[in-house]
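Next come the chains, spelled out residue by residue.
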Amino acid sequence: MNGPESEEPQLRRAVCPGSFDPVTNGHLDIIARASKLYDVVHVAVMINQSKQGLFTVEERIDLLRQVTAEYGNVEVESFHGLLVDFCKQRDIPAIVKGLRAVSDFDYELQMAQMNNGLSGVETLFVPTNPTYSFLSSSLVKEVAAWGGDVSHLVPPLVLEALNERLRRD
Ligand code: PNS
């Protein structure tokens, strides 16, 4: 059948990109909120070969898949390249980013403008839950490495993985 009636409804897609080394409750808050606004949320673990991670990309993906499974509309994968190319290949018109504080804004604005100039993709900023406004994967790793309690900052599965990794290394 031809005509507009036969057209599949277009799924509204967005991407939440990041390093996710490892995923924190702050990331999860943004992903969960994006999953209520969009039909499909793509979580893109962007590969940065110049950055040595605590977790491999496969481990990060595995943790992300497990902690986002309950949302039902989140797809997790890795990507090596420009975020705008990830978006182009999957027909994703929007990037969703959390803003923790004004200090995030400068760099996030630059990236948003660069990405929009490169391909027209839009960036939507979501203010983080104030509970997580100080939270980053780097701080979680540092505090955990020195034996500090991060159990309120990451999902239980991630806490387990952190304890195991830091005990072994
Ligand atoms: O979790 P992070 O490390 O703060 O995430 C930064 C990330 C991965 C989203 C950003 O560095 C990125 O988009 N990298 C992909 C490469 C790219 O598109 N660079 C140009 C950005 S304007």
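The preceding data block contains the structure.
Residues numbered from 1 in each chain as written. Predicted model: local features only at pLDDT ≥ 70, side-chain atom pairs only at ≥ 80, totals over all residues. Heavy atoms only, no water.

## Focus on the pattern of salt bridges
What the rule picks out here adds up to nine salt bridges. Residue Arg 12 is joined to Asp 39 by a salt bridge in which the shortest nitrogen-to-oxygen separation is 3.6 Å. With Arg 12 in the segment before strand E1 (13-18) and Asp 39 in the loop between helix H1 (25-37) and strand E2 (40-46), the pair connects residues that are 27 residues apart, well separated along the chain. When the shortest N-O distance is used, the salt bridge between Asp 85 and Lys 88 registers 3.9 Å. Placement of both Asp 85 and Lys 88 in helix H3 (residues 83-90) is noted, with a separation of three residues, approximately one turn of the helix. For Lys 88, a relative accessible area of 55% translates into the label exposed. (Salt bridge = Lys/Arg side-chain N within 4 Å of Asp/Glu carboxyl O. Helix = DSSP H or I, 4+ residues; strand = E, 2+ residues; numbered from the N terminus. Buried < 20%, exposed > 50% of the residue type's maximum accessible area, 1.4 Å probe, protein only.)

## Here we look at helix H5 (residues 137-145)
Every α-helical turn comprises 3.6 residues, leaving residues that sit three or four positions apart pointing alike. Among the residues of H5, Ser 137, Val 140 and Ala 144 are the ones counted as buried. Buried residues of H5 fall within an arc of 60 degrees about the axis and therefore sit on the same side. Positive backbone phi, approximately 85 degrees, marks Gly 147, located one or two places after H5. (Arc of directions from axis to C-beta.)

## Let's talk about the site of the ligand
The local shell around the ligand consists of Pro 17, Gly 18, Ser 19, Met 46, Lys 51, Gly 81, Leu 82, Leu 83, Lys 97, Met 111, Met 114 and Asn 115. In the environment of the ligand, an oxygen atom lies 2.5 Å from a nitrogen or oxygen atom belonging to the side chain of Ser 19. Leu 83 is positioned with one of its backbone polar atoms (N or O) 2.8 Å from an oxygen atom of the ligand. Protein contacts shield 67% of the accessible area of the ligand, which totals 550 Å² for the unbound molecule. At the level of elements, E1 and helix H4 (102-119) are the ones that each hand at least two residues to the shell around the ligand. Per element, the largest residue contribution to the shell around the ligand is three residues, and it comes from H4. The class makeup of the residues in the shell around the ligand is six nonpolar, four polar and two charged. (Near = heavy atom within 4 Å. Polar contact = N/O pair within 3.5 Å; in protein donor to acceptor, adjacent residues only side chain to side chain. Areas by Shrake-Rupley, 256 points an atom, 1.4 Å probe, with all protein chains shown as cover. Nonpolar A, V, L, I, M, F, W, Y, C, P; charged D, E, K, R; others polar.)

## Some details on unusual backbone geometry
A negative phi angle characterises most non-glycine residues, just as the trans form characterises most peptide bonds. The peptide bond linking Asp 21 to Pro 22 adopts the cis configuration, its omega dihedral lying at 0 degrees. Its location among the elements puts Pro 22 in the loop between E1 and H1. Positive phi is not limited to glycine here, since Phe 20 has a value of about 50 degrees. Along the chain, Phe 20 turns up in the loop between E1 and H1.

## Digging into the nonpolar core
The nonpolar side chains of a soluble globular protein tend to be buried, and buried together. If you look at the biggest cluster of nonpolar residues, it comprises 33 residues, and the most contacted ones within it are Cys 16, Val 43, Leu 64, Val 96 and Leu 162. Of all the secondary-structure elements, those providing two or more residues to this core are E1, H1, E2, helix H2 (57-68), strand E3 (74-79), strand E4 (94-99), H5 and helix H6 (156-168). With five residues, the top contributor of residues to this core is H2. Excluding residues that lie within four positions of it along the chain, Val 96 makes contacts with Ala 14, Val 15, Cys 16, Pro 17, Ile 30, Ala 34, Tyr 38, Leu 124 and Val 126. Residues Val 15, Phe 79, Ile 92 and Val 121 belong to the second largest nonpolar core, which totals 11 residues. (Core = buried A, V, L, I, M, F, W, Y, C linked by side-chain atoms within 4.5 Å. Contact = heavy atoms within 4.5 Å.)

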